[in-house]
Amino acid sequence: MKRLYRSYKDSTNIFFDLQKKYPNNLKIESIGQTWEKRDIYLITISKNIQTAHIKPALFYTGTIHAREWIGHELAIEFVTYILKNLETDPMLQIYLNESTVYIVPCANPDGFEYSRNHFSFWRKNRRQNADGTYGVDLNRNFSIGFNKTTTTTSNVYGGCEAFSEPETKALRDFVLAHPNITIALDYHSQGNVFFPAHDFRHEDTFDTTDMNTLCANMAEEIRKISAREYGIHQGKPPAKLIGGSGREFYYSLGIIATVVEVGTRNISDYMQDLSENIKEHIPALIYALKETDNYAKDRFVKRVEEFNITHIGSNHVTLKWEYEVNENIYFEIFRSTKDKQYCNSSNLIAKTKSLEFNDINLTSNKNYYYNIRAVNKKTNQKSPFCPQIKVRTLVEYDEFSRTYYANAKGTGYVAENLNNNPKHFGVNSLFVGVDDDKGISYAIISINVKSLPLNAIIKSASLNLYPINRVSTTIEKYGEWNVGIVNQDTMGDITNFEDVENLQILQYIGQATQSFQLTQGIWRSWELSGLECITLKNSIRKDTIVLRVEGPKELKIGRTKQMMQWDIGYGKFGFGLNYRPRLELTFTVEPTITTLYPKEIFTLSKAEIKKDEISAGFDEKGNKIYSIFEFNLSSLPPYNDTMITKAYFELNSTKIYLKDDIRFHLEFIDEHLEKNYESVINREVIQNIGYDVSANELKNNQTQYFIFDSFSEIVLNEKLKNKSDVAFILKPTSALKSLKNKKVSWETKSANLEPKLIIEHIVKRRFPVEKVSNVSLIIENNKIKLSWTNPKNEDFVGVKVIKNPFRKPLSSHDGQKLYAGVDEYTFDDFGAIDISKYYAIFTYDNVPNYSEPIILEYLPK
């Protein structure tokens, strides 16, 4: 028994007392009895208890597993909070005027009391089985995915048949009798993670985005209170999915359902940990209540359709969608930089009635995730979410991108107390931290970067690991996990614990991950600073980068483990290609610098043209004097494989003695300008180059640089296409109304000082290679097989295959990545053959530029 935790009788008395105090808002009733004849109580809360059952409802269940006491305690505090604040909190009044809360505080009263008084680790109910053993795991006794077993002593024994237990029958019958339930939350411990419902197939469903977003918004409410980060994990292949759960039963009825795993222990320290868990989950539950009305089956706002991408740039993305015309409807668009993120006011980027949106000011070569929902401005009711769009912006004109995955043979973990460390490489998981059995554990990640050019300059980098289990991280707010760049010259044997522990770390990267930031099912990234990028590049030996992941090395007294598990993507239990540790790089390369000298120079005044002379200013009558420069681009490399990354114009003035306020502008003009004064006066300016310079500045600095801006560089790149001439004009200006016989001359004779157009350029392919051909889609060995023929092009690097069950993937990142490489076929290993979906096949080069996709639609027979 633990003091402060309430018994089942205690909570029952609390709820009956609350019913007396708040008869219009709360009702307690029994929905069945357990084997030991305890009533299974259900609490109903509403603004008006008489109309509760006609409103959309949130359904809460707690402590269906006897030893997971948090569900029962949170239910008591949640109910108490609502009733105490209902009259003073206007938002609670709105939510409960529109919706209802149903709560089963303890779905397993017999097991809970047995856990409290006899054996705290007890999980099941207290049925006496035919062989004399006790207990059925109630969360394996529902009908969806029920798995009949005979091992009655097992903690996960699901019973002789689905709904064999009075507790699950009571929950079933109540839910079936209340079709107004729209969201179901089943509270468990431990793990600090949401587990949204699934349909036992490793395919996203139309409401996956709804479930992920509900969980993410609840997680954000938690984070705001305690800084604790919750994971979201629906179950990825080849993981064996849990069967017979209440969550899947509720989901099968069209209810948005999730399990919520709270805390790091089944029965935690009440004052230190559990009280904090309760405080952080009450706002999360209120958020779920807020969403309940939006999923009402009979009157919700229609979901947006055909949400897709029409254009992707390096700094913008254009989205479009379809919706029937309705003057009361507008759309909310949310943007995140991580998958499974919240959609709230902080990342709401647009409210619009249009069916298109252009998102600008983005960062190049970065992942963005877009969510959209429709809103009725009269009722403020919102639609479910359209399936999320994932897109990566293009690289900038001077950038390249690489995604490198960990090598199987060079990636694994070493543990202090184990003798089989070499067998941990290339298999299953990375265990990092400390526990009583393994001792201290480090992970080693080896990444081959052979395709990274020797002259690469890394602009940004991130290491990404996929957390698959944090249950063994049992101490709240204790320890941190870091990644270090290994000095390979000191490395030794990476499968030997002592060698790994004693190797030298050149630099730790990014921000440490604290224990309260560890999640399950959401990628964890370590973002490198500029200095760390330099160290990373300098650490390469034999085309390989080696990293060490480390966690806490000591345990608190009485605790047995503080160990995090990350996916390796390989082996029987790895989640596959998409979940391997990966290093993402954005880089440029050292440019080639070409100096162009003028093809022609002349000074043009109203009176005359002077060749090979540069003067600018005002003549004796106050008319402007211009200088014109022409350059030829034919000496530069071919346009298709060359990118001009920077350009600037150099001019050197002669000695000047002007004191007047004269400034000089350099203009990029049409090279076909006629050489007469009238044409110059009426010239069309493409762009001013750099900033104007004053006569006073020329006195202090003979050399002046006029730097091309981004638009000018784009025009210069276009001029390169035809190797055409380019022309510039030097124009004088003055704030004085009348200025006469004032001019500045510029050097033309000295090789060092004469005008120059200096161009920096890199070798970079501008356009993608050809698409694949001879594409086919067949069923082979009960799997979907795609095949194609690769293009015969020396710049072809590979093919990328994307799957999307909702729309044609027009972006090379909008969906699940099935394959990337040079083969001419792939299988959708975990794809359900009875679900329609789209596949897209892209070719790519070494930039990478991606081709337009070949789209294949799969329709089950």
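The coordinates are above.
Here is a short report on the structure shown in this document. (Residues numbered from 1 in each chain as written. Predicted model: local features only at pLDDT ≥ 70, side-chain atom pairs only at ≥ 80, totals over all residues. Heavy atoms only, no water.)

Once that is clear, we can look at the overall build of the protein chain. Looking only at helices and strands, the protein chain features 13 helices and 46 strands. Reported as C-alpha extents along the three principal axes, the dimensions of the protein chain are approximately 110 × 65 × 55 Å. Put simply, the protein chain has 861 residues, and 58% of those count as buried. A sequence separation of at least 24 residues applies to 76% of the contacts in the protein chain between residues at least 6 apart. Carbon and sulfur atoms provide 47% of the accessible area of the protein chain, an area that totals close to 36,600 Å². (Helix = DSSP H or I, 4+ residues; strand = E, 2+ residues; numbered from the N terminus. Buried < 20%, exposed > 50% of the residue type's maximum accessible area, 1.4 Å probe, protein only. Contact = heavy atoms within 4.5 Å. Areas by Shrake-Rupley, 256 points an atom, 1.4 Å probe, with all protein chains shown as cover.)

Right, let's get into the side chain of Gln 520. Among the structural elements, Gln 520 can be located in the loop between β23 (505–514) and β24 (524–527). The exposure class assigned to Gln 520 is buried, which follows from its relative accessible area of 7%. If we ignore the near neighbours within four places in the chain, the residues touching Gln 520 are Val 193, Phe 195, Gly 231, Ile 232, His 233, Pro 467, Ile 468, Asn 469 and Arg 470.

Let's shift gears to the sheet that holds strand β15 (residues 389–392). Overall, antiparallel pairing links the four strands, which are arranged β12-β11-β14-β15 in an open sheet. Because the sheet does not close on itself, it has two edges, and the strands there are β12 (348–352) and β15. Mean inter-strand twist for the sheet, computed between neighbouring axes without regard to direction, equals 25 degrees. Note that strand β11 (residues 329–336) and strand β14 (residues 367–376) share eight bridges and pair antiparallel. (Pairing = 2+ DSSP bridges. Axes fitted to C-alpha atoms, helices over the stretch in contact; angles between N-to-C directions.)

Bringing the nonpolar core into the picture now. Ile 45, Phe 59 and Tyr 250 are the most contacted members of the largest nonpolar core, which totals 84 residues. Ranked by residue count, the leading element in this core is helix α8 (residues 270–292), at 10 residues. Beyond its immediate stretch of four places on either side in the chain, Tyr 250 contacts Phe 59, Thr 61, Phe 142, Leu 171, Val 175, Ala 184, Ile 255 and Ala 257. Judged by nonpolar contacts, the second largest core, of 39 residues, contains Ala 443, Leu 463, Val 549 and Met 643. (Core = buried A, V, L, I, M, F, W, Y, C linked by side-chain atoms within 4.5 Å.)

Moving on, we come to a negative patch on the surface. The grouping of Glu 416, Asp 493, Glu 498, Asp 499 and Glu 501 at the surface amounts to a negative patch. Here Glu 501 is to be found in helix α9 (residues 497–502). (Patch = residues over 30% accessible without salt bridge, like charges linked within 9 Å, V, L, I, M, F, W, Y side chains within 5 Å. Salt bridge = Lys/Arg side-chain N within 4 Å of Asp/Glu carboxyl O. Lys, Arg positive; Asp, Glu negative; His and termini not counted. Charge placed at Lys NZ, Arg CZ, Asp CG, Glu CD.)

What follows covers the sheet that holds strand β45 (residues 837–844). Here four strands make up an open sheet; going across it, the order is β43-β42-β45-β46 and the pairing antiparallel. Single-partner strands in this sheet number two, and they are β43 (816–821) and β46 (854–858). For this sheet, the mean inter-axis angle between neighbouring strands, taken without regard to orientation, is 20 degrees. Where β45 lies against β46, five bridges are found, and the strand directions are antiparallel. Paired with Tyr 838 across the bridge in β46 is Glu 857.

To continue, consider the pattern of salt bridges. Once their charged atoms are close, side chains differing in charge can pair, the charge on each being opposite to the other. If you walk through the whole model with that rule in mind, you get 52 salt bridges. Taking the shortest distance from any N to any O, the salt bridge between Arg 223 and Glu 220 comes out at 2.7 Å. Remark: Glu 220 and Arg 223 occur in helix α6 (residues 208–226); sequence separation between them is three residues, near one turn of the helix. What makes Arg 223 partly exposed here is its relative accessible area of 35%. Beyond isolated ion pairs, a larger network of salt bridges with shared partners links Arg 228, Glu 276, Glu 280, Glu 476 and Lys 477.

Attention now moves to the packing of aromatic side chains. One pass over the full model with this rule turns up 44 aromatic pairs. Aromatic side chains Tyr 114 and Trp 122 sit 5.4 Å apart centroid to centroid with 70 degrees between the ring planes, which places their arrangement in the edge-to-face category. The class of Tyr 114 is partly exposed, set by a relative accessible area of 24%. The rings of Phe 59, Tyr 102, Phe 142, Phe 163, Phe 174, Phe 249 and Tyr 250 are connected pair by pair, giving a single aromatic cluster. Lying over the aromatic face of Tyr 114, Arg 126 brings its terminal NZ or CZ to 3.7 Å of the ring centre. Over the face of the ring belonging to Tyr 134 we find Arg 126, whose NZ or CZ atom lies 4.4 Å from the ring centre. (Phe/Tyr/Trp six-rings, centres within 6.5 Å; stacked < 30°, edge-to-face > 60°. Lys NZ or Arg CZ within 6 Å of the ring centre and 35° of its normal.)

Bringing the pairing of strand β25 (residues 544–550) into the picture now. Remember that side chains alternate between the two faces of the sheet whenever the strand is regular. Counting buried positions along β25 gives seven out of seven residues, so the element sits mostly inside the fold. On β25, burial covers both faces: Thr 544, Val 546, Arg 548 and Glu 550 on one face and Ile 545, Leu 547 and Val 549 on the other are all buried. Examined bridge by bridge, strand β19 (residues 439–448) and β25 share six bridges and lie antiparallel to one another. By the bridge assignment, Ile 447 is partnered in β25 with Ile 545. As judged from the four bridges shared by strand β22 (residues 480–486) and β25, these two strands associate in the antiparallel manner. The residue of β25 that forms the bridge with Asn 482 is Glu 550.

So, about the pairing of strand β3 (residues 57–62). Most of β3 sits out of view: six of its six residues are buried. Residues Ala 57, Phe 59 and Thr 61 line one face of β3 and the alternating positions Leu 58, Tyr 60 and Gly 62 line the opposite face, and both faces are buried. Across five bridges, the pairing between β3 and strand β4 (residues 100–104) is parallel. Paired with Ala 57 across the strands is Thr 100, a residue of β4. Note that β3 and strand β5 (residues 181–188) share six bridges and pair parallel.

Before going further, it helps to examine the state of the cysteines. Per the stated rule, a full pass over the model turns up zero disulfides. With no disulfide of its own, Cys 343 lies 12 Å from the sulfur of Cys 386, the closest cysteine sulfur. For Cys 343, a relative accessible area of 6% corresponds to the buried category. (Disulfide = S-S within 2.5 Å.)

Running from N to C, helix α1 (residues 8–21) and helix α2 (residues 70–85) cross one another at 15 degrees; their axes reach a closest spacing of 11 Å. Looking at the two axes, α1 sits roughly parallel to α2. As for the relative orientation of α1 and α2, their crossing is left-handed in sense. Across the interface between the two elements, Tyr 8, Ser 11, Ile 14, Phe 15 and Leu 18 from α1 touch His 72, Ala 75, Ile 76, Val 79, Thr 80 and Leu 83 from α2. (Parallel < 35°, antiparallel > 145°, perpendicular 65-115°, else oblique. Left-handed = near helix turned anticlockwise from the far one by under 90°.)

Summarising the element assignment, Phe 206 is placed in the loop between β6 (193–196) and α6. Phe 206 has contacts with Arg 303, Phe 385, Pro 387 and Phe 806, leaving out every residue within four places of it along the chain.

Assignment of secondary structure puts Ser 615 in strand β31 (residues 615–618). The class of Ser 615 is buried, set by a relative accessible area of 2%. At 3.4 Å, the side chain of Ser 615 and the side chain of Glu 613 are in polar contact. Setting aside chain neighbours within four positions, we find Ser 615 in contact with Thr 603, Ile 625, Tyr 626, Ser 627, Lys 743, Val 744, Ser 745 and Trp 746. (Polar contact = N/O pair within 3.5 Å; in protein donor to acceptor, adjacent residues only side chain to side chain.)

Take the packing of α2 against α8 next. One can describe the packing of α2 onto α8 by two numbers: an axis separation of 9 Å at closest approach and a directional angle of 55 degrees. By the criterion of interaxial angle, the relationship of α2 to α8 is oblique. Considering the relative orientation of α2 and α8, their crossing is right-handed. Along its contact with α2, which presents Ile 70, Glu 73, Leu 74, Glu 77, Phe 78 and Tyr 81, the element α8 presents Tyr 270, Leu 274, Asn 277, Ile 278, His 281, Ile 282, Leu 285 and Ile 286. For the contact of α2 with α8, the class distribution of residues is 10 nonpolar, two polar and two charged. (Nonpolar A, V, L, I, M, F, W, Y, C, P; charged D, E, K, R; others polar.)

A few words on unusual backbone geometry. The general pattern is negative phi for most residues beyond glycine and trans for most peptide bonds. For the bond running from Val 847 to Pro 848, omega is 0 degrees, close enough to zero to count as cis. With respect to the helices and strands, Pro 848 occurs in the loop between β45 and β46. For Ala 227, which is not glycine, the phi torsion reads 70 degrees and is therefore positive. You can see Ala 227 is positioned in the loop between α6 and β7 (231–232). The partly exposed category is assigned to Ala 227, whose relative accessible area is 33%. Its identity as a non-glycine residue notwithstanding, Asn 380 has a phi of 65 degrees, on the positive side. For Asn 380, the location among the structural elements is in the loop between β14 and β15.

Just geometry here; none of it tells us what the structure is for.
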